[in-house]
Each structure stands twice: as structure tokens, then as C-alpha cells.
Amino acid sequence: MTLPTPTDTTTPGMSEVDALHRMVLASLDDDQAVETVSIPLAGKSTIADYMVIASGRSSRQVASMATKLAERVKAEFGRPSRIEGLPTADWVLIDTGDVIVHLFRPEVRTFYNLERMWAFGDTLNPTAHA
């Protein structure tokens, strides 16, 4: 028996990784994430194909976005996500395997400045939908 592939977020010829990336961005947009940035990692790092960084306005919003995102990944792609940092929700990491998502409160995001660390000399563009 073959499991169905996700249909809501895919288009013909789109890989599962790209569909997952698109779904992550759409989920964060739906949950009103602030300053969403997507960093392509393929060919630059083996940890994932994409890193997505976004902010929430409060710890409660960060926790809610993380929980909903993990639920959506499980429902649409059948893969569990590992979540770290949920109890305090200042910085929550969601590892979906191919897409790593960092959700921050704004002050914490500014302090760690992951965008600069992972830019690889590339110019980063905020991404609403890829």
C-alpha cells in the first residue's frame, strides 16, 4: 500500500523537500510570524536543505506557531518533528529533517543573529512564500 503524497502544497515536478519548505512558510504566514527569512542550505551544509528563521511577538505566539507547525508537518507529510525550547518559548527549534525552523521572540533573535551566521556571504531576502 502506498501512502498518498501531500497535495495541498505541491505542484507537478515539485520535490517533497520543496513542498515541505513551502508548507512551513505558509504555516508561519498563516500564524502571523514576523520577519520570516529562508536560507537555502543545500550544497552548503548537510544538516538540512533549508533553514527558516522567524519571530513571534510573544512567547505564547512562538509556542503556538511551533506546535501548529509540528502538527501540520505530521498531518501533511507523516513525519514527526523534533521540538526544542518549547517550555520557555524564547527560542524554539523545530527540526523537520529537511527544513530546520528557528522561532524567536524579537529580543532573542537580535541577540543571536542567526541570519548573519548562516548567510554564507549571500544576501538574504525575507521570504513570505517561496
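Structure first, text after, so check above.
As a starting point, this report considers the structure included with it. (Residues numbered from 1 in each chain as written. Predicted model: local features only at pLDDT ≥ 70, side-chain atom pairs only at ≥ 80, totals over all residues. Heavy atoms only, no water.)

Comments concerning the overall build of the protein
Thought 1: The helix and strand tally for the protein stands at four helices and five strands.
Thought 2: Secondary structure elements of the protein occur, N-terminal to C-terminal, as α-β-β-α-β-β-β-α-α.
Thought 3: Residue burial in the protein is summarised as follows: out of 130 residues, 43% are buried.
Thought 4: For the protein, the proportion of contacts with a sequence separation of at least 24, taken over those separated by at least 6, is 56%. (Helix = DSSP H or I, 4+ residues; strand = E, 2+ residues; numbered from the N terminus. Buried < 20%, exposed > 50% of the residue type's maximum accessible area, 1.4 Å probe, protein only. Contact = heavy atoms within 4.5 Å.)

Things to note about helix α2 (residues 59–77)
Thought 1: For α2, with 19 residues, the first-to-last C-alpha span of 27 Å sits near the 27 Å given by 1.5 Å per residue.
Thought 2: Residues of α2 that are buried: Gln61, Val62, Ala63, Met65, Ala66, Leu69, Ala70, Val73 and Phe77.
Thought 3: Positive phi appears at Gly78, one or two residues downstream of α2, with a value of about 70°. (Expected span 1.5 Å × (residues − 1).)

Things to note about the side chain of Ser55
Thought 1: Looking at the secondary structure, you find Ser55 in strand β2 (residues 50–55).
Thought 2: The class of Ser55 is buried, set by a relative accessible area of 4%.

As for the pattern of salt bridges
Thought 1: Scanning the entire structure with this criterion turns up eight salt bridges.
Thought 2: Lys68 is the salt-bridge partner of Asp31, the closest N and O atoms lying 3.8 Å from each other. Taken together, the residues span a long stretch of sequence, with Asp31 in the loop between α1 (16–30) and β1 (34–40) and Lys68 in helix α2 at a distance of 37 residues.
Thought 3: Assessed through its relative accessible area of 35%, Lys68 is described here as partly exposed.
Thought 4: Of the charged contacts in the structure, one is a salt bridge between Arg79 and Asp98, with a shortest N-O distance of 3.0 Å. With Arg79 in the loop between α2 and β3 (82–84) and Asp98 in the loop between β4 (91–95) and β5 (99–104), the pair connects residues that are 19 residues apart, well separated along the chain.
Thought 5: The exposure class assigned to Asp98 is partly exposed, which follows from its relative accessible area of 21%.
Thought 6: Through salt bridges with shared partners, a single network forms among Glu16, Arg79 and Asp98. (Salt bridge = Lys/Arg side-chain N within 4 Å of Asp/Glu carboxyl O.)

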